[in-house]
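# Architecture at a glance
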Amino acid sequence: MSRTVFCEYLNKDAPGLDFQLYPGDLGKKIFNSISKEAFALWQAKQIMLINEKKLNMMNPEHRQFLEAQMEAFLFKGEDVEIEGYKPVEK
């Protein structure tokens, strides 16, 4: 049986993550208040950021940038802005 959290991103009760995916205090905050669904949305945005901005995860500055974007996306409701990106229209 999965655990339920009140997801700060979705503003509703939803299935929580199975384990802490990110280290430190931010990881604990994510584990306790972000749902699987919201974290999956972040992961899609994260992949776009890494690819489009050619981020190197061995570079501490790039990791700090990505962490700031993750916190803004999940807890402040800010969307990820990628210069020149336009979603495919259906």
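Reading the values: the criteria
Residues numbered from 1 in each chain as written. Predicted model: local features only at pLDDT ≥ 70, side-chain atom pairs only at ≥ 80, totals over all residues. Heavy atoms only, no water. Axes fitted to C-alpha atoms, helices over the stretch in contact; angles between N-to-C directions. Helix = DSSP H or I, 4+ residues; strand = E, 2+ residues; numbered from the N terminus. Parallel < 35°, antiparallel > 145°, perpendicular 65-115°, else oblique. Left-handed = near helix turned anticlockwise from the far one by under 90°. Contact = heavy atoms within 4.5 Å. Nonpolar A, V, L, I, M, F, W, Y, C, P; charged D, E, K, R; others polar. Phe/Tyr/Trp six-rings, centres within 6.5 Å; stacked < 30°, edge-to-face > 60°. Buried < 20%, exposed > 50% of the residue type's maximum accessible area, 1.4 Å probe, protein only. Lys NZ or Arg CZ within 6 Å of the ring centre and 35° of its normal.

Running from amino to carboxyl end, helix H1 (residues 24-33) crosses helix H3 (residues 60-75) at an angle of 25°, the nearest separation of the two axes being 12 Å. Overall, the two elements H1 and H3 adopt an arrangement that is roughly parallel. At the point where H1 passes H3, the crossing takes the left-handed sense. Facing Leu 26, Lys 29, Ile 30 and Ser 33 of H1, the residues of H3 in contact are Glu 67, Met 70, Glu 71, Leu 74 and Phe 75. Of the residues in the contact of H1 with H3, the class split is 5 nonpolar, 1 polar and 3 charged.

On to the packing of helix H2 (residues 36-52) against H3. Between two packed helices, the angle of one axis relative to the other and the distance separating the axes together describe the packing. Between H2 and H3, whose axes approach to 11 Å, the crossing angle comes to 145°. Here H2 and H3 pass one another in a crossing that is right-handed. Contacts between H2 and H3 involve Ala 38, Phe 39, Leu 41, Trp 42, Lys 45, Gln 46, Leu 49 and Ile 50 from the former and Phe 65, Leu 66, Gln 69, Met 70, Phe 73 and Leu 74 from the latter. Class assignment for the residues of the contact of H2 with H3 results in 11 nonpolar, 2 polar and 1 charged.

Next up on the list: the packing of aromatic side chains. Aromatic ring pairs are reported here in terms of the distance separating the ring centres and the angle at which the planes meet. All chains considered together, the criterion is met by 2 aromatic pairs. Residues Tyr 9 and Phe 73 carry aromatic rings whose centres are separated by 4.9 Å and whose planes lie at 25° to one another, so their mutual orientation is stacked. Of the two residues, Tyr 9 sits in the loop between strand S1 (4-7) and strand S2 (12-15) while Phe 73 sits in helix H3, which places them 64 residues apart along the sequence. Ring centres 5.7 Å apart and planes at 45° place the aromatic pair Trp 42 and Phe 73 in the tilted group. Of this pair, Trp 42 sits in helix H2 while Phe 73 is found in helix H3, placing the two residues 31 residues apart along the sequence. Here Trp 42 and Phe 73 have matching classes, each one buried. An aromatic cluster is present here, built from Tyr 9, Trp 42 and Phe 73 joined pairwise through their rings. The ring of Phe 31 carries Arg 3 above its face, with NZ or CZ at 3.7 Å from the centroid. Cation over ring: Lys 29 sits above Phe 75, and NZ or CZ is 4.3 Å from the ring centre.

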